[in-house]
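# Summary of structural features
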Amino acid sequence: MHRLFNNPDAAPEGWYWLLRSSEVRRGSVVAMELFGRELAVYRGAGGRVAALDAYCPHMGAHLAEGRVEGDELRCFFHAWRFDAGGRCTDMPALGGTPPFPVCTRSWTVAEKYGLVWLWNGDGAPGPLPFVPELGEGEVASMLANRFRKPCHPHVMLINAIDEHHFNSVHALPVKLHMATREVSGQRIEFSNTTHVPPGSWLARFYRGPLTYSMCYWNAATGTVTLGPDLLHFYIMFALRPDGRGGTDGQTVLIARRRRGLLGAIANAALLALTRVVGAYFAKGDTRVFRSIRFQLRTPTEADHAIIDFIDHTERQPAVIVSQPGVILSRADGEGSPADGTRRVQAKGILRFAQDDTHGDGA
Ligand code: FES
Ligand SMILES: [Fe+2]
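Residues numbered from 1 in each chain as written. Chains lettered and ligands numbered in written order. Predicted model: local features only at pLDDT ≥ 70, side-chain atom pairs only at ≥ 80, totals over all residues.

## Here we look at the sheet that holds strand 15 (residues 211-217)
Test applied: Two strands pair if DSSP finds at least two bridges between them. Counting from the N terminus, the helices are DSSP H or I runs at least four residues long and the strands are E runs at least two residues long. Axis definition: a line fitted to C-alpha atoms, over the contacting stretch in the case of helices. Angles run 0 to 180 degrees between N-to-C directions. What counts as a contact is two residues whose backbone-derived C-beta atoms lie within 7 Å of each other.
Read from one edge of the open sheet, seven strands run 12-18-17-16-15-14-13, paired in antiparallel fashion. In this open sheet, the two strands that pair with only one neighbour each are strand 12 (140-149) and strand 13 (178-184). Each neighbouring strand pair of the sheet contributes to a mean axis angle of 20°, computed without reference to strand direction. Pairing analysis gives eight bridges linking strand 17 (residues 233-241) to strand 18 (residues 247-255), with the strands arranged antiparallel. Paired with Arg 240 across the bridge in strand 18 is Asp 248. Sitting on the sheet, helix 3 (residues 260-282) is in contact with strand 12, strand 16 (221-227), strand 17 and strand 18, with an inclination near 140° to strand 18.

## Re the sheet that holds strand 2 (residues 15-20)
Read across the open sheet, the six strands follow the order 2-11-10-5-4-3; overall the sheet is antiparallel. What marks the edges here is a single partner per strand, and that holds for strand 2 and strand 3 (29-34). When the angles between neighbouring strand axes are averaged without regard to direction, this sheet yields 30°. Both strand 4 (residues 37-43) and strand 5 (residues 49-53) contribute to a ladder of five bridges, which runs antiparallel. By the bridge assignment for strand 5, Val 41 is matched with Ala 51.

## Some points on the confidence of the model for the protein
To keep it simple, the criterion reads: A residue's pLDDT is the confidence the predictor assigns to it, expressed on a 0 to 100 scale.
Per-residue confidence for the protein gives a mean pLDDT of 86; residues scoring 70 or more make up 89%. The low-confidence segment residues 322-362, where pLDDT is below 50, has 40 contacts with residues more than four positions distant or belonging to other chains.

## Overview of unusual backbone geometry
With glycine set apart, most residues show a phi of negative sign, and most peptide bonds adopt trans. Positive phi outside glycine occurs at Asn 6, with the angle close to 55°. Relative to the assigned elements, Asn 6 resides in the segment before strand 1 (10-12). Positive phi, normally seen in glycine, also occurs at Tyr 113, with a value near 60°.

## Remarks on the nonpolar core
Note the threshold: Definition of nonpolar core: a set of buried Ala, Val, Leu, Ile, Met, Phe, Trp, Tyr and Cys residues joined via C-beta atoms within 7 Å. Burial is judged by counting the other C-beta atoms within 10 Å of a residue's own C-beta: 20 or more makes it buried, 12 or fewer makes it exposed, and any count in between marks it as partly exposed, with every C-beta position built from the backbone. Segmentation into domains, and thus their bounds, comes from an automatic or database assignment.
If you look at the biggest cluster of nonpolar residues, it comprises 79 residues, and the most contacted ones within it are Leu 18, Ala 40, Val 41, Val 116, Trp 117 and Ile 161. In terms of residues, this core owes the most to one element, strand 17, which gives seven residues. Domain assignment of the residues forming this core places at least three in each of domain 1 (14-122 + 327-355) and domain 2 (140-316). Discounting residues that sit within four places of it in the chain, Ile 161 has contacts with Met 178, Phe 190, Met 214, Ala 305, Ile 306 and Phe 309.

Here it is as structure tokens:
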């Protein structure tokens, strides 16, 4: 078992797609689970999305059962209210402002490509995944299929740099050689260096360099840049572990942003074409994802990129999933639900006891 690669009990720190932006409408809250940790994800009146640990630090009610008020979330049970940073801002039973600090853990979230992303660690968030050739700025994008596969996200991701399977499974008439470039601790790129061989069926259409490059972000999201010289297609595969040893994935089609009406028409056409390219990309791999038990026991030269990916993944900061329903991240302690609950019990129970002179405890 590797420290991180293909390990369901740990994950690299980084950005993980959480849900589609359209799934959490303004003023609504939804329950989510990521790495076995339950979350309440809501969109405030101002339009900003926030993600809080789901179980209320008072008595453990699920905050996704509550309601959004302005930019805050109110627990339905005893009506404590929490802001987007997880701080309790109202305790009606104690007359309003909490007399002592109480918080539930909040998570850093961001939105791009029509998706909500969550940073799963305690380190400073890095940039959201992007296509290197297009940069970090705005792009035209469209959500394509959402999928579930019964294998770990890492096993899915390495498929795109498994050189020989393009010939044996996808019948590509070109031998690929992926050159590795580690851009940072959490970003690695692989680019094909070969040309279309003369005499192949593909050479009838195109003889120039064949661009095919992958960029991986914290071993969870991969972007593909693909095509002949004059026209590149961009596809993003956003993956996350599904908590049962499999993968929850979302495909995003991406194009360079073009302005004006003509630009919008060109973008729509390009994204439709990108969908066709993406379907080709995915075709043929279902069979292996369904039944593989990954183990690189006998690596060959054609597996060099996979070995680089594993090595890169293994060196990343880890977030440990200790058991179902509990996740221990590097700084889990201060501000965590357990800590918050202790504080409430230590200081709060006396206050309730003083007030509760006629209650039946229910
Ligand atoms: S359980 Fe949430 S306010 Fe009591
Ligand atoms: Fe494939």
